[in-house]
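# A structural walkthrough
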Amino acid sequence: MQRNGGGVGAGGQPWVLRRVRLTWLSFMLFFILVFFPLIAHYYLTTIDEAGGPDKRIFGPRPGGELCEAKHVQDLCRIRESVSEELLQLEAKRQELNGEIARLNLRIEACKRSIDSAKQDLLQLKNVISQTEHSYKELMAQNQPKLSLPVRLLPDKEDPGLPPPKSGRSCRLRSCFDYARCPLTSGFPVYVYDTGSYPWADYLDPLVKQAFAASVKNNLYITDNPSIACLYLVLVGELQESVSPLPSPLELEKQLKALPYWRSDGHNHVLVHLSRKSMTQNFLYNVSTGRAAVAQSTFLEQQYREGFDLVVSPLVHALTEPNFLEVPPQVPVKRKYLFTFQGERVESLRSSLQEAPPQSFEEEMEGDPPADYDDRIIGTLKAVQDSHLDQVLVEFTCKNPRPSLPTEWALCGEREDRLEVLKVSTFGLVIAPGDGQLVASAGCGMRLFEALEVGTIPVVLGDHSRLPYHQFIRWSEAAIIVPKPRVTELHFLLRSLSDNDMLAMRRQGRFLWETYFSTSENVLNTLLASIRTSIQVPAAPIKEEPVHEIPHKAGKLAGTDANLADNGDLDLGPVETEPPYASPRFLRNFTYTAADTYRAWNQAPGPFHLFPHTPLDPVLPSEAKFLGSGTGFRPIGGGTGGSGKEFQAALGGNVPREQFTVVMLTYEREEVLMNSLERLNGLPYLNKVVVVWNSPKPPSDDLLWPDIGLPIVVVRTEKNSLNNRFLPWDAVETEAILSIDDDAHLRHDEIMFGFRVWREARDRIVGFPGRYHAWDVNHQSWLYNSNYSCELSMVLTGAAFFHKYYAYLYSYVMPQAIRDMVDEYINCEDIAMNFLVSHITRKPPIKVTSRWTFRCPGCPQALSHDDSHFHERHKCINFFVKVYGYMPLLYTQFRVDSVLFKTRLPHDKTKCFKFI
């Protein structure tokens, strides 16, 4: 018991001590946590009260006293500002939330409107598509799209024609087989080989060679006789040295033996070309059946009006006339008022076997008597003896040329006669005394020589048949006077004005160059006259095929800021139209059927013939690009309007039209690329034809700009400035904008020029103007580029012209002019101005640009060479010699756009501006 008690008691003392310590620690901890804060609070409160109200640190202060402390005043102001801004932001947030809600409502409404508009747009597209379809149907019904007609050829079987009452009564309607010449046949012509003729040995060798050379170059000749429309047989001129000549009966049998004569010779033409003034009319007693005769000499009882043809003599058989030797057409009045040199071979009285004399009244009622030529001689000698004007008349010759009876023989050699005619204003052509001789080679020779040297022919004898009189209006180039008016001839010639004489001289030069000057022209004129008589349209003139240089397009071309700044001017439609070619072949038939006289008697122009060339003097066809330029007005033209309505559409008689840019370049790739890029977005542009004039092709890595339209790069055969005006087949529009690769024109300037050209389609419309001037000291013409209020030329480095002139420049204009352009590598623009002014007798039209024509910083061009102007002086004088006169005309007319607001220097404001 004691052990346990003692143990317990001994072991419990440390536990009591630990408990007492724990209690003490708890009490101390409680005292610290409770009483110490109270004591500290009491102490601090006592300190604040002992220091007074103003020195309180921890005690409460009255309201607002806290903000009076300097170090918190800024914080208070910031707090107040922030609080105010927070209130404003909250108000704005609520306002924006309301706006967002309203916009959401509008968005939903717009979505519904868009859906509705899409439906309406779809319906409108359907309506537009239906309208376009209806429009195309109406256009197809009223004016079908024309193209080259299908060629129809005659059948091989020939049913034959009913025989006419007599060969003398032959006319086209009765003796010509129209079935072999459909309108779309192309007029194939078969020419018999002269070597296979039985009379081939009798033919003049020069005539045979000239005829063969002309046939070789003619585009209508065919080697297939079964499809031929016409058959040509060369029957003369015969050699006088060869004898005996075949008799008329033998010649008739030989003609009937021709393989395609078909018993009566229908659709055959017997061609007799005269080289001498005395040509035997050996076909007079030959029965030619239904075959037509084309020769220079006819008797009245032999000539079948409207069927046979009076042709001009073949003077230049194998030679080309030298245009530089042809005297100029000015001055109008020459040394002699008129001249005549001739001698009567045989009197009419002897040829009529001494017919009894007639009274003057009887002479006037019938044919001129034997002594009527004596009265002509007396009258002309009286004019010469009066000395009122210088007149040269000679009725005896030292060396007269052989001629037909009753005809006036030519005197001396051809060169001597031409020298006299060169100083004559008028040249007399006296018809044969025999009224039955309606056409003679001698009169044809006199007419040819007068026209060749610019002498105005005066034909005494209105019964004479001049060459191609059915087609040529000879009254525009010659004076035809009945023999009874010989006493009034002097008065008549003196009464003509200089302008009238110059017009007749120019028309005579045109007829001579186009129809008579060479053997090729003689043959082509013969074929053209027959083709026109049977109303077959001419074959299309050839175009220059494009040998395109492959190239790769780079990035899409941008828009030059300078070019895009067009103000308020709408240059064209909002959506770029696809390439649209000018209508073709619209007047294939009407030019042949309706415009025959105008076709033969007017110098070629874009509204007369297309084409009208020496290759075919009457190619009225194909006015391939003349449909819109000759009064044609398609449905829907002429919308009127003003302001933007006018600016956004071309309007006029041709409301839909585009143009082609032809750009000549030579190894200036960077300049070329910049120029092409500037064409991006140009309205009404059909395509761009780049004439690469260098033998070196473009770089392989050259990236061409993508302007959204075709860029055709043409490889040329040689470096020639004439390539600028070749009628490339890639050009499918009437309008051509010829532009240099360094020309810098704005879009609004180009469009303004295009609009002006559409109002004057037959003229050159361009920007830089030049003029010609007469140098009194040196008696020559000068090219002048100084500023002037007058101009006579427009440079084709930036000009619009009709594609028709490209044909004339390349195929009709004398080759000597193109050769000089190649020699100097210059003057092609002057040559084009000469050509157009010569054809139209109108000056060009200058339109004013914004003075941005040249490209600043571009490499120098040929025009900067020192010899440039010297060469152009030579060119002008050479061209004047070729044309025979100065065709350029001065003008003070200039077209300005009021939208350009051009500012002119003070010294350039004295010219009138026609707006």
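Looking up the chain in an unreviewed UniProt entry gives the name Exostosin-like 3, with the organism given as Sander lucioperca. Comment text from UniProt for the chain, heading Pathway (unreviewed entry), reads "Glycan metabolism; heparan sulfate biosynthesis." Its UniProt record gives the chain the following Catalytic activity (unreviewed entry) comment, quoted word for word: "3-O-(beta-D-GlcA-(1->3)-beta-D-Gal-(1->3)-beta-D-Gal-(1->4)-beta-D-Xyl)-L-seryl-[protein] + UDP-N-acetyl-alpha-D-glucosamine = 3-O-(alpha-D-GlcNAc-(1->4)-beta-D-GlcA-(1->3)-beta-D-Gal-(1->3)-beta-D-Gal-(1->4)-beta-D-Xyl)-L-seryl-[protein] + UDP + H(+)".

Our next topic: the overall build of the chain. A count of helices and strands for the chain gives 23 helices and 27 strands. Of all 915 residues assigned to the chain, the portion counted as buried reaches 49%. Accessible surface for the chain amounts to roughly 46,400 Å². Of this, 56% is attributable to carbon and sulfur atoms.

Moving on: the pattern of salt bridges. This structure, assessed with the given rule, holds 34 salt bridges. Here aspartate 204 ties to arginine 275 by a salt bridge, and the two come within 2.9 Å at their closest N and O atoms. Of the two residues, aspartate 204 sits in the loop between strand 1 (189-191) and helix 4 (205-216) while arginine 275 sits in the loop between strand 3 (268-272) and strand 4 (292-295), which places them 71 residues apart along the sequence. Each of Arg414, Arg417, Glu449 and Glu452 takes part in a single network of salt bridges with overlapping partners.

The next thing to look at is the side chain of arginine 417. Relative to the helices and strands, arginine 417 is located in helix 9 (residues 414-422). A distance of 2.7 Å separates a polar atom in the side chain of arginine 417 from a polar atom in the side chain of glutamate 449. Sequence-distant contacts of arginine 417, defined by excluding residues within four places in its chain, comprise Arg401, Leu410, Cys411, Gly412 and Glu449.

Quick look at the sheet that holds strand 17 (residues 685-692) now. The mixed open sheet is built from 8 strands, whose spatial order is 19-17-16-20-25-21-26-27. The open sheet has two edge strands, strand 19 (711-715) and strand 27 (894-895), and neither has a second partner. Across 2 bridges, strand 26 (residues 845-847) lies against strand 27 in parallel orientation. Its bridge partner being in strand 27, valine 847 is matched across the sheet by valine 895. Its contacts with the sheet place helix 19 (residues 747-759) against strand 16 (659-665), strand 20 (735-740), strand 21 (765-766), strand 25 (798-802), strand 26 and strand 27, and it is angled at close to 30 degrees to strand 25.

What follows deals with the nonpolar core. Counting 79 residues, the largest nonpolar core has Phe187, Leu230, Leu232, Phe516 and Leu526 as the members making the most contacts within it. Considering every element that reaches this core, the biggest residue donor is strand 2 (residues 230-236), with 6 residues. Excluding its chain neighbours within four sequence positions, the residues that come into contact with leucine 230 are Phe176, Phe187, Pro188, Val189, Tyr190, Asn267, Val269, Leu527 and Ile530. Counting 49 residues, the second-largest nonpolar core is a separate cluster that includes Leu664, Ile817, Cys827 and Ile830.

Compared with the 27 Å implied by 1.5 Å per residue over 19 residues, the 26 Å span of helix 12 (residues 498-516) between its first and last C-alpha is a close match. Within helix 12, 14 of the 19 residues are buried, which leaves the element mostly enclosed by the surrounding structure.

Quick look at the sheet that holds strand 24 (residues 793-794) now. The antiparallel open sheet is built from 3 strands, whose spatial order is 23-22-24. Whereas interior strands pair on both sides, the edge strands pair on one side only; in this sheet they are strand 23 (780-784) and strand 24. Pairing between strand 22 (residues 769-775) and strand 24: 2 bridges, direction antiparallel. From the neighbouring strand, glycine 769 faces strand 24, where its bridge partner is valine 794.

Strand 3 sits mainly inside the fold: 5 of its 5 residues count as buried. Across the two faces of strand 3 the burial is the same, with His268, Leu270 and His272 and Val269 and Val271 all buried. Pairing of strand 3 with strand 4, which is carried by 3 bridges, proceeds in the parallel orientation. Within the sheet, the bridge partner assigned to leucine 270 lies in strand 4 and is valine 293.

Angle between the axes and distance between the axes are the two parameters that describe a pair of packed helices. Direction vectors running N to C along helix 21 (residues 815-824) and helix 23 (residues 868-883) enclose 170 degrees, while the axes themselves pass 10 Å from each other. As summarised for this structure, helix 21 and helix 23 are arranged roughly antiparallel, according to the angle between their axes. Two secondary-structure elements touch here, helix 21 through Ala816, Ile817, Met820 and Tyr824 and helix 23 through Glu871, Lys874, Cys875, Phe878, Phe879, Val882 and Tyr883. Residues that form the contact of helix 21 with helix 23 fall into these classes: 9 nonpolar, no polar and 2 charged.

So, about the state of the cysteines. For the coordinates displayed, the defined rule picks out 4 disulfides. Paired by a disulfide, cysteine 181 and cysteine 229 hold their sulfur atoms 1.6 Å apart. Here the disulfide of cysteine 181 and cysteine 229 is right-handed, its torsion about the S-S bond being about 95 degrees. Taken together, the positions of cysteine 181 in the loop between helix 3 (172-175) and strand 1 and cysteine 229 in the loop between helix 4 and strand 2 put the pair 48 residues apart, joining distant regions of the chain. Exposure class is identical for cysteine 181 and cysteine 229. Each is buried. Through a disulfide, cysteine 827 is tied to cysteine 875; the S-S separation comes to 2.0 Å. Because the torsion about its S-S bond is 80 degrees, the bridge between cysteine 827 and cysteine 875 counts as right-handed. Pair noted here: cysteine 827 is in the loop between helix 21 and helix 22 (828-840) and cysteine 875 is in helix 23, with a separation of 48 residues, a long-range link. Note on accessibility: cysteine 827 and cysteine 875 belong to one class, buried.

Calculation rules
Residues numbered from 1 in each chain as written. Predicted model: local features only at pLDDT ≥ 70, side-chain atom pairs only at ≥ 80, totals over all residues. Heavy atoms only, no water. UniProt positions renumbered as here; feature names shortened; annotations may be inferred. Helix = DSSP H or I, 4+ residues; strand = E, 2+ residues; numbered from the N terminus. Buried < 20%, exposed > 50% of the residue type's maximum accessible area, 1.4 Å probe, protein only. Areas by Shrake-Rupley, 256 points an atom, 1.4 Å probe, with all protein chains shown as cover. Salt bridge = Lys/Arg side-chain N within 4 Å of Asp/Glu carboxyl O. Polar contact = N/O pair within 3.5 Å; in protein donor to acceptor, adjacent residues only side chain to side chain. Contact = heavy atoms within 4.5 Å. Pairing = 2+ DSSP bridges. Axes fitted to C-alpha atoms, helices over the stretch in contact; angles between N-to-C directions. Core = buried A, V, L, I, M, F, W, Y, C linked by side-chain atoms within 4.5 Å. Expected span 1.5 Å × (residues − 1). Parallel < 35°, antiparallel > 145°, perpendicular 65-115°, else oblique. Nonpolar A, V, L, I, M, F, W, Y, C, P; charged D, E, K, R; others polar. Disulfide = S-S within 2.5 Å.

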